[in-house]
Structures are given as structure tokens and as C-alpha cells.
Amino acid sequence: MTDLISRVAAGDTRALARALTLAENRDGALLAALDLAARPSPWRIGVTGPPGAGKSTLVSALVRQLRDQGAARLAVVAVDPSSPYSGGALLGDRLRMAEHTLDPGVYVRSMAARGHFGGLAAGCEDVCDLLALAGHDPVIVETVGVGQSEVEVAGVADTTLVVLTPSAGDSVQALKAGIMEVADVIAINKADRPGADRLEEDIKEGLDLRPHPAPGAAHWRPPIVRTVATQGQGIAELGQALAAHVAHLRGHNLLGAMASRRALARLDSLALEAIGAALKGDGALAQRFAALRARVAAGQATPRAAVAELLAGLDK
Ligand SMILES: Nc1nc2c(ncn2[C@@H]2O[C@H](COP(=O)(O)OP(=O)(O)O)[C@@H](O)[C@H]2O)c(=O)[nH]1
Ligand SMILES: [Mg+2]
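Here the structure is a predicted model, which means the values were calculated and not measured.

Just checking my understanding: could you explain the environment of Ala157 for this structure?
Here Ala157 lies in the loop between helix 7 (149–152) and strand 5 (159–164). Residue class for Ala157 comes out buried when judged on its relative accessible area of 2%. With 18 residues separating them along the chain, Ala157 and Val139 place their C-alpha atoms 9.0 Å apart. With residues up to four places along the chain from it excluded, the contact list for Ala157 reads Arg44, Ile45, Gly46, Met258 and Arg262.

Next comes the structure, spelled out in C-alpha cells:
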């Protein structure tokens, strides 16, 4: 495994593909070897917003823009957390990314986060680390924009781009789902359609509702950029808005703080994952748990009392 990791670090794309698959399958040996490697921390951009908002089209245009701005190697991860089998959205993303398949500086990967505790984060962090190790900067993570992942993507990103469209109901939906709170930059995509002015007003109102920063804390008001992804309109401005945000983070030394917050979130999700696995495994904890289950099933203990007993056993 150490050898595989070295080959990833040397830029071997076949090794990278294999390592990514192992990481997605939570291969213990691979993940342990990855932990030992010196991992660079590239700029991570998360992209979220309702399905069909044009995220993939926008990311594809943005990739071109970032390449032109001098990014030597960058990666796109398309996450579909809903199901490993919903090929539809990912297939569409593939098509929209097709223009980059001949560009050796762009690596595109689809990933299905399969219901771990901790949702999106658990597998996605490792995938991002592997892509970083292979020299990609930035790493862009796009979600399909359904359910929790819509907000969770902010937990793996330095800069979160929220994509909305003037079609009816989007702004309300965005406010409800809480994605306004995680937005660092907002794109009003499909600005070729009517209703962009109205949406911008709604977004501004939504931004006014965000909690005010603590006195003295660095304040960032998310810029709103209008884009027509299919025609490449507004992409340069979007690239500038995203770059301004990461410059803001660097200028206020916030990247380190975000990395440690991410490390803590990762600790939490890995701990939950490990405890869940330990309860189902064949170690001492699992045996004690099985005995407690039998007593609960027989009506000899309540679930609450059984959990208390399990934890009391851990304290010893
Ligand atoms: N009119 C218009 N259509 C767009 C624009 N951007 C994307 N689309 C179309 O919207 C559809 C969904 O785009 P896609 O990138 O797959 O959205 P995603 O689900 O958010 O990734 C596709 O048919 C795109 O061609 C835009 O700026 N204007
Ligand atoms: Mg998409």
C-alpha cells in the first residue's frame, strides 16, 4: 500500500484511480498508508444548489477558467450521496465534463458516498486527500444537491459556491435548506432567463438574515455573480469572486482554523463509524453488546438501561 501511495504522489493516474476505489471502499490498509503520507492542503471548492441549477455546466466552464488562470492540475469530484446506482445524474455530469477528458491537467471522478455515519464527509475527505497528494489544486467537489449533502459539502470545502436559478421556488427552497448560511459565493445561473432581478433581491434578504459575525471577527459578505454557464458568461467574474474569498481566508489566517475544525469533524465521524463497526464486529465490545441485545429482546432490560450498562463497561 505504501508503494501505491508513493505512485499516487508521483502522479501515476492509474495508481490514483485504484487508490480512490480502495478509499471509497474504506480499505483499512490504504487509509492507514494515506495517513502516513505528507498531505498537501489544496484549495477546496464545494459546489452546491438544487439539481438542474447548472452546477456541472458551471464547474466545467470554471475548470477551463482556472486552467487558463494557471492551475496546473485540478480535480473535480462529483458526489452522489443518494444512491450508488442513480447513474442518471452522474452520467449527465460525465457528459458535461467531456470537454476536459483530453486535458491531462484535469481529473474528474464520480463518487457514491454510501450511507456512512457522518454522511458525505467520511469518504469524501479521503478522496480529496488522495487527489491533493497527486498534486491537484484546487479540488472541486460538486454534490447532486439533494438532502443533507447540500449543506454538508461546506464541511469539506474552504470556499462554498451556491448555485441558484431564477426558476420559481428556488430561493425559497434555498432559504429553507439552510444553504444560504453556508454560502461564500452565490451564482445566479441561467441569468438568460427572466426573474434574475427578483432572485437577487430574495438572496440579499436571505443574506441579511444570516447571523452577524462576532465583533472583531473577519466579515465576509458573499458576492452574488450572474452567470450563463452554457455560454460562458460571467465565468471570469465567478472565478474572481471565488479567488477573492480564498484570499480573504488567507489574509485573515482562517485556513488553519478551518483545517482544524475539519479535523475535529472528521474525528467525530470516524469515531462514530468505528464504534458502529465495533458493535457489529467480533471483539469483546460486540460480544457484550450481543448479550445486552439478548436481554433487551427477552424483556430483562430496557434499551436505555442496556446502553448505560454498555457505557459503564467502557469506563472500566
Ligand atoms: N438556459 C440555460 N441553461 C443552462 C445554463 N446552465 C446550465 N443549463 C442547462 O441546465 C441543465 C442542467 O445542467 P447541469 O449542469 O446538469 O445541472 P446540475 O444538476 O446542477 O449539475 C442542462 O441542460 C444545462 O445545459 C444556463 O446558464 N442557461
Ligand atoms: Mg451536476
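For this particular structure, what's the right way to read the nonpolar core?
Here is a general trend for soluble globular proteins: nonpolar side chains tend to be buried in one another's company. With 30 residues, the main nonpolar core has Leu30, Leu130 and Leu131 as its most contacted residues. Those elements that place two or more of their residues in this core are helix 1 (2–9), helix 2 (13–24), helix 3 (28–36), strand 2 (74–79), strand 3 (106–111), helix 6 (120–133) and strand 4 (139–143). Counting contributing residues per domain, this core is built from domain 1 (1–36) and domain 2 (39–252), each supplying no fewer than three. Sequence-distant contacts of Leu130, that is, excluding residues within four places in its chain, are made with Ile5, Val8, Leu16, Ala19, Leu20, Ala23, Leu30 and Leu34. Core analysis: the next-biggest nonpolar cluster, separate from the first, contains 26 residues, Trp43, Leu58, Val163 and Leu238 among them.

Would you mind showing me how to read the sheet that holds strand 5 here?
Pairing between the strands of a sheet is mediated by backbone hydrogen bonds and can be parallel or antiparallel. Pairing within the open sheet is parallel, and its seven strands lie in the order 3-2-4-1-5-6-7. Whereas interior strands pair on both sides, the edge strands pair on one side only; in this sheet they are strand 3 and strand 7 (224–226). Across the sheet, the axes of successive neighbouring strands diverge by a mean angle of 20 degrees, strand direction being ignored. The pairing of strand 2 with strand 4 spans five bridges and is parallel. Counterpart to Ala78 in the pairing with strand 4 is Glu142.

Just to check I follow, could you spell out helix 14 (residues 303–315) for this structure?
Because each turn of an α-helix spans 3.6 residues, side chains separated by three or four positions in sequence point in the same direction. The end-to-end C-alpha separation of helix 14 is 19 Å, in line with the 18 Å expected for 13 residues at 1.5 Å each. Every buried residue of helix 14 is accounted for by Ala306, Leu310 and Gly313. Taken down its axis, helix 14 places every buried residue within 60 degrees of arc, on the same side. Of the residues in helix 14, the exposed ones pointing more than 90 degrees away from the buried face are Arg304 and Asp315. Buried positions along helix 14 lie against helix 12 (254–280) and helix 13 (284–297).

I keep staring at helix 1 and nothing clicks. Help me out?
Among all positions of helix 1, only Leu4, Ile5 and Val8 are buried. The arc enclosing the buried residues of helix 1, seen along the axis, measures out at 100 degrees, which places them on a common side. Those residues of helix 1 that are exposed and aimed more than 90 degrees away from the buried face are Thr2 and Asp3. Where helix 1 ends, the next residue or the one after it, Gly11, has phi of about 90 degrees, a positive value.

What is the right way to look at the pattern of salt bridges in this model?
Between side chains of opposite charge, a pair can form as their charged atoms come close. The tally for this structure, following the rule as stated, stands at 17 salt bridges. A salt bridge links Arg226 to Asp197; the shortest N-O distance between them is 2.8 Å. Here Asp197 lies in helix 10 (residues 196–208) and Arg226 lies in strand 7, a separation of 29 residues in the sequence. Ionic pairing is found between Glu200 and Arg226, a salt bridge with its closest N-O pair at 2.8 Å. In this pair, Glu200 sits in helix 10 while Arg226 sits in strand 7, placing the two residues 26 residues apart along the sequence. Overall, the relative accessible area of 14% leaves Glu200 in the buried class. Through salt bridges with shared partners, one network takes in Arg26, Arg44, Glu125, Asp126, Asp129, Arg266 and Glu273.

Explain unusual backbone geometry to me, please; I cannot follow it from the model alone.
Put simply, Asp137 and Pro138 share a cis peptide bond, and its omega is 5 degrees. Locating Pro138 in the fold gives a position in the loop between helix 6 and strand 4. A positive phi angle, near 60 degrees, is found at Lys190, a position not held by glycine. Counting through the fold element by element, Lys190 comes out in the loop between strand 6 (185–188) and helix 10. Note on Lys190: relative accessible area 22%, which makes it partly exposed. For Asn253, which is not glycine, the phi torsion reads 55 degrees and is therefore positive. Turning to its location among the elements, Asn253 is positioned in the loop between helix 11 (235–251) and helix 12.

The rules behind these values
Residues numbered from 1 in each chain as written. Chains lettered and ligands numbered in written order. Predicted model: local features only at pLDDT ≥ 70, side-chain atom pairs only at ≥ 80, totals over all residues. Heavy atoms only, no water. Helix = DSSP H or I, 4+ residues; strand = E, 2+ residues; numbered from the N terminus. Buried < 20%, exposed > 50% of the residue type's maximum accessible area, 1.4 Å probe, protein only. Contact = heavy atoms within 4.5 Å. Core = buried A, V, L, I, M, F, W, Y, C linked by side-chain atoms within 4.5 Å. Domains from an automatic or database assignment. Pairing = 2+ DSSP bridges. Axes fitted to C-alpha atoms, helices over the stretch in contact; angles between N-to-C directions. Expected span 1.5 Å × (residues − 1). Arc of directions from axis to C-beta. Salt bridge = Lys/Arg side-chain N within 4 Å of Asp/Glu carboxyl O.

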